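Okay, here's what each chain looks like letter by letter:
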Amino acid sequence: MNEVKDALRSIEQNYKLFLQQQFTFIGALQHTRENAHDMIRPVASISQVQSYMDHHCNNSTDRRILNMFLNICNDLSKLCQKLESVQPHNSITNDILESCKVLLSHSNDLSSIRAKYPHDVVNHLSCNEAKNHFGGVVSLIPIVLDCIKEWITHTEKLSREVLQNGS
């Protein structure tokens, strides 16, 4: 469990750096959407961000911040794989983990998800951006981080119950 918590702390540190550059991220998405002539559709999946970076990114700043987003998503996916091996499990922890894996699926449509309080990532967007273009993609990481923290809480509680019942 300590290894899981260390990995989570590392991801959270990277996410804090990423959050400080959210406007750069939104700018990079905007530039690459323009280059892709894809201004109507919302940025709705990890694979769409990957495609923008691979095929429509013209400068190193945009490439760096898009890559940072993709790396955090990849680190979260790896952490979810690690969580599968941690015991004990129950239906609650399995459901939380499944939710994380679905959210982090590269083809999952993120356009309808929104991070809620205390996360203010969506509040930093204009009304149009939040509603129509980037709200889901900026909400992905904080929602998954919350799910993983909830998973840790449930798993630790379950472990304590197993220990108490065993002694």
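Residues numbered from 1 in each chain as written. Predicted model: local features only at pLDDT ≥ 70, side-chain atom pairs only at ≥ 80, totals over all residues. Heavy atoms only, no water.

Caption draft 1: Looking closely at the overall build of the chain. In terms of helices and strands, the chain carries 7 helices and 0 strands. Shown N-terminal to C-terminal, the secondary structure of the chain runs as helices and strands in the order α-α-α-α-α-α-α. Intrachain contacts of the chain at a sequence separation of at least 6 include 72% that bridge at least 24 residues. When the accessible surface of the chain is split by element, carbon and sulfur atoms take 51% of a total near 9000 Å². Here the chain carries 16 positive and 18 negative side-chain charges, and the mean point of each set is 2 Å from the other. (Helix = DSSP H or I, 4+ residues; strand = E, 2+ residues; numbered from the N terminus. Contact = heavy atoms within 4.5 Å. Areas by Shrake-Rupley, 256 points an atom, 1.4 Å probe, with all protein chains shown as cover. Lys, Arg positive; Asp, Glu negative; His and termini not counted. Charge placed at Lys NZ, Arg CZ, Asp CG, Glu CD.)

Caption draft 2: How the structure looks around the nonpolar core. Core analysis: the largest hydrophobic core is formed by 49 residues, its most contacted members being Phe25, Leu29, Phe69, Leu76, Val137, Leu140 and Ile148. Secondary-structure elements contributing two or more residues to this core are helix H1 (2-19), helix H2 (22-35), helix H3 (46-56), helix H4 (60-84), helix H5 (91-104) and helix H7 (135-166). When near neighbours in sequence (up to four residues on either side) are disregarded, phenylalanine 25 contacts Phe18, Ile65, Leu66, Phe69, Val137 and Val138. (Core = buried A, V, L, I, M, F, W, Y, C linked by side-chain atoms within 4.5 Å. Buried < 20%, exposed > 50% of the residue type's maximum accessible area, 1.4 Å probe, protein only.)

Caption draft 3: Structural detail: the pattern of salt bridges. Tallied over the full model, the rule gives 7 salt bridges. Residue lysine 82 is joined to glutamate 3 by a salt bridge in which the shortest nitrogen-to-oxygen separation is 3.3 Å. Taken as a pair, lysine 82 in helix H4 and glutamate 3 in helix H1 lie far apart in primary sequence, 79 residues in all. For lysine 82, a relative accessible area of 30% gives the class partly exposed. The class of glutamate 3 is exposed, set by a relative accessible area of 53%. Across the pair arginine 41 and aspartate 38 runs a salt bridge, and its minimum N-O distance is 2.7 Å. Linked by salt bridges that have partners in common, Glu84, Glu98 and Lys101 make up one network. (Salt bridge = Lys/Arg side-chain N within 4 Å of Asp/Glu carboxyl O.)

Caption draft 4: Structural view of unusual backbone geometry. Backbone geometry at histidine 37 places phi at a positive 55°, although glycine is not the residue there. In this fold, histidine 37 is placed in the loop between H2 and H3. Classification of histidine 37 as exposed rests on a relative accessible area of 74%.

Caption draft 5: Focus on H2. Taking 1.5 Å of rise per residue, the 14 residues of H2 would be expected to cover 20 Å, and the 20 Å separating its terminal C-alpha atoms lies within 8% of that figure. The set of residues buried in H2 consists of Gln22, Phe25, Ile26, Gly27, Ala28, Leu29, Thr32 and Arg33. Where H2 terminates, the next one or two residues include histidine 37, which has phi positive at roughly 55°. (Expected span 1.5 Å × (residues − 1).)

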